[in-house]
Amino acid sequence: RKGTVIITGASSGLGLATAKALADTGKWHVIMACRNFLKAEKAAKSVAIDKENYTVMHLDLASLDSVRQFADNFRQSGRPLDVLVCNAAVYLPTAKEPSYTAEGFELSVGTNHLGHFLLARLLLDDLKKSDYSFKRLIIVGSITGNTNTLAGNVPPKANLGDLRGLAGGLNRINNSVMIDGGEFDGAKAYKDSKVCNMLAMQEFHRRYHEETGVTFASLYPGCIATTGLFREHIPLFRLLFPPFQKYITKGYVSEEEAGKRLAQVVSDPSLEKSGVYWSWNKNSSSFENQLSKEASDAEKARRLWEISEKLVGLA
Ligand code: NDP
């Protein structure tokens, strides 16, 4: 049978390119889990994904009710779940004031981490039941949350501190919009959320890999300087960032190439090892990358897990 893969945020950028790469093999049915139904349908048509190979389903990660509803709807579709890709993200580098999710969490961490955390927890049972030749949960990470790299050292750096802001509810009421309890900074909130993504992947691996046989993985697909992720950035940045990445840092990858990389983590039998953060070298071959000290801190991962459980209503 065909494999079934859910990709969150498949309406643009990396998610769409991955949906296209997998659907085109004819071996995958892609569930495009998107907040804007019409945009997702148009996106699928714009890259000519065969109608037989995808379904758009509504998911707004900035609402925990919507996440629960999505999980129910998916189950009702009767499809098995073989791979879940947590890809969607918001990035608000120029925001002066925080925005909030439906539950009142700061929007970047609320969407990128908490929404995905609940989704992955709810769908883990479905993944467990898969009888496909492999089953995987993939959370898209980033180099920007990784302070052991050059890009990760551009200020403001990611830093979760002692998680006091998260423990305080990550909301405006307790003055705790940032995970470390500091002042709001949109660029830092995004980087923090990516560290959470990488910590969550490793904690899933520690808690569930042996018991379930599910492969848990994260990746840095390269700098895809052309995606909508930078839509909130100032126009001059958007103009200069792609050539800067292409010619100066040489970390640039096209959306198509990045989509192929993520598709590899979904479907390549050789990328079966669990707990790995994948990256690609200049020849586009994958390797197991090292995470920064904070992004591989097992004690922090455990605390992040426990606080996140409380915030999303699982504990
Ligand atoms: P895009 O902005 O192009 O795509 C982000 C996707 O997330 C869109 O489909 C967007 O939906 C969706 N999304 C945002 N908020 C929500 C929400 N509340 N509910 C559901 N979906 C939502 O960015 P990229 O393709 O670049 O980013 C994809 C992933 O890649 C992210 O995890 C990002 O951190 C990561 N990444 C990107 C890099 C880059 O250089 N671009 C580098 C490293 C990692 P909509 O279309 O409706 O806006």
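Look up a bit, the structure's there.
Keep in mind that what you see is a predicted model, and the values were worked out from it rather than measured.

K.L.:
Before we go on, may I ask you to explain the overall build of the protein in this structure?
P.N.:
Scanning the protein from terminus to terminus reveals 9 helices and 8 strands. In terms of overall dimensions, the protein is globule-like: its C-alpha atoms have a radius of gyration of 18 Å, near the 20 Å expected for 315 residues. Taking the principal axes of its C-alpha atoms as reference, the protein extends roughly 50 × 50 × 35 Å. When the 315 residues of the protein are sorted by exposure, 55% land in the buried category. Within the protein, counting contacts between residues at least 6 apart in sequence, those at least 24 apart form 74% of the total. Summing over all exposed atoms, the protein offers an accessible surface of approximately 13,700 Å²; the carbon and sulfur share of this is 51%.

K.L.:
Where do I start with a nonpolar patch on the surface in this structure?
P.N.:
A contiguous nonpolar patch, built from Ile234, Leu236, Leu239 and Leu240 and spanning about 410 Å² of accessible area, is present on the exposed surface. Its location among the elements puts Leu239 in helix 7 (residues 235-249).

K.L.:
Sorry, what's going on with the nonpolar core here?
P.N.:
The nonpolar side chains of a soluble globular protein tend to be buried with one another. Core analysis: the biggest nonpolar cluster contains 60 residues, and Ile6, Phe70, Leu123, Leu137 and Phe204 have the highest contact counts within it. For this core, the secondary-structure elements that each account for two or more residues are strand 2 (28-34), helix 3 (64-76), strand 4 (83-86), helix 4 (107-129), strand 5 (136-140), helix 6 (186-212) and helix 9 (298-311). Here this core takes 10 residues from helix 4, the largest share from any one element. Sequence-distant contacts of Leu137, that is, excluding residues within four places in its chain, are made with Leu84, Cys86, Ala120, Leu127, Phe204, Val214, Thr215, Phe216 and Ala217. Of all hydrophobic cores here, the second largest spans 37 residues; its members include Leu16, Tyr132, Ala258 and Ala263.

K.L.:
What am I meant to see in the site of the ligand here?
P.N.:
Neighbouring the ligand are 30 residues; Ser11, Ser12, Lys39, Tyr190 and Thr227 lie closest to it. The contact in question runs from a nitrogen atom of the ligand to an N or O atom on the side chain of Asp60, over 2.9 Å. Take Ile224: an N or O atom from its main chain is 2.8 Å from an oxygen atom of the ligand. In the complex, the protein chains occlude 98% of the 900 Å² of accessible area that the ligand would expose alone. Mapped by element, the contributors of at least two residues to the shell around the ligand are helix 1 (13-23) and helix 6. When grouped by side-chain class, the residues that make up the shell around the ligand number 14 nonpolar, 11 polar and 5 charged.

K.L.:
Looking at this model, I keep getting lost on the sheet that holds strand 4. Mind explaining?
P.N.:
Neighbouring strands of a sheet are bound in pairs by backbone hydrogen bonds; such pairs are parallel or else antiparallel. Reading across from one edge, 3-2-1-4-5-6-7-8 is the order of the 8 strands in this open sheet, with mixed pairing throughout. Strand pairing shows two members of the sheet lacking a second neighbour, strand 3 (54-58) and strand 8 (286-288), which therefore form its edges. Between one strand axis and the next, the sheet turns by 25° as a mean value, whatever way the strands run. Pairing analysis gives 6 bridges linking strand 1 (residues 3-8) to strand 2, with the strands arranged parallel. What sits directly across from Thr4, in strand 2, is His29. Those strands touched by helix 4 are strand 1, strand 4, strand 5 and strand 6 (215-219), and its axis lies near 175° from that of strand 4. Together, strand 5, strand 6 and strand 7 (276-280) form the strand contacts of helix 6, whose direction differs from that of strand 6 by roughly 160°.

What counts and how
- Residues numbered from 1 in each chain as written.
- Predicted model: local features only at pLDDT ≥ 70, side-chain atom pairs only at ≥ 80, totals over all residues.
- Heavy atoms only, no water.
- Helix = DSSP H or I, 4+ residues; strand = E, 2+ residues; numbered from the N terminus.
- Rg over C-alpha atoms; globule rule 2.2 N^0.38 Å.
- Buried < 20%, exposed > 50% of the residue type's maximum accessible area, 1.4 Å probe, protein only.
- Contact = heavy atoms within 4.5 Å.
- Areas by Shrake-Rupley, 256 points an atom, 1.4 Å probe, with all protein chains shown as cover.
- Patch = residues over 30% accessible without salt bridge, like charges linked within 9 Å, V, L, I, M, F, W, Y side chains within 5 Å.
- Salt bridge = Lys/Arg side-chain N within 4 Å of Asp/Glu carboxyl O.
- Core = buried A, V, L, I, M, F, W, Y, C linked by side-chain atoms within 4.5 Å.
- Near = heavy atom within 4 Å.
- Polar contact = N/O pair within 3.5 Å; in protein donor to acceptor, adjacent residues only side chain to side chain.
- Nonpolar A, V, L, I, M, F, W, Y, C, P; charged D, E, K, R; others polar.
- Pairing = 2+ DSSP bridges.
- Axes fitted to C-alpha atoms, helices over the stretch in contact; angles between N-to-C directions.

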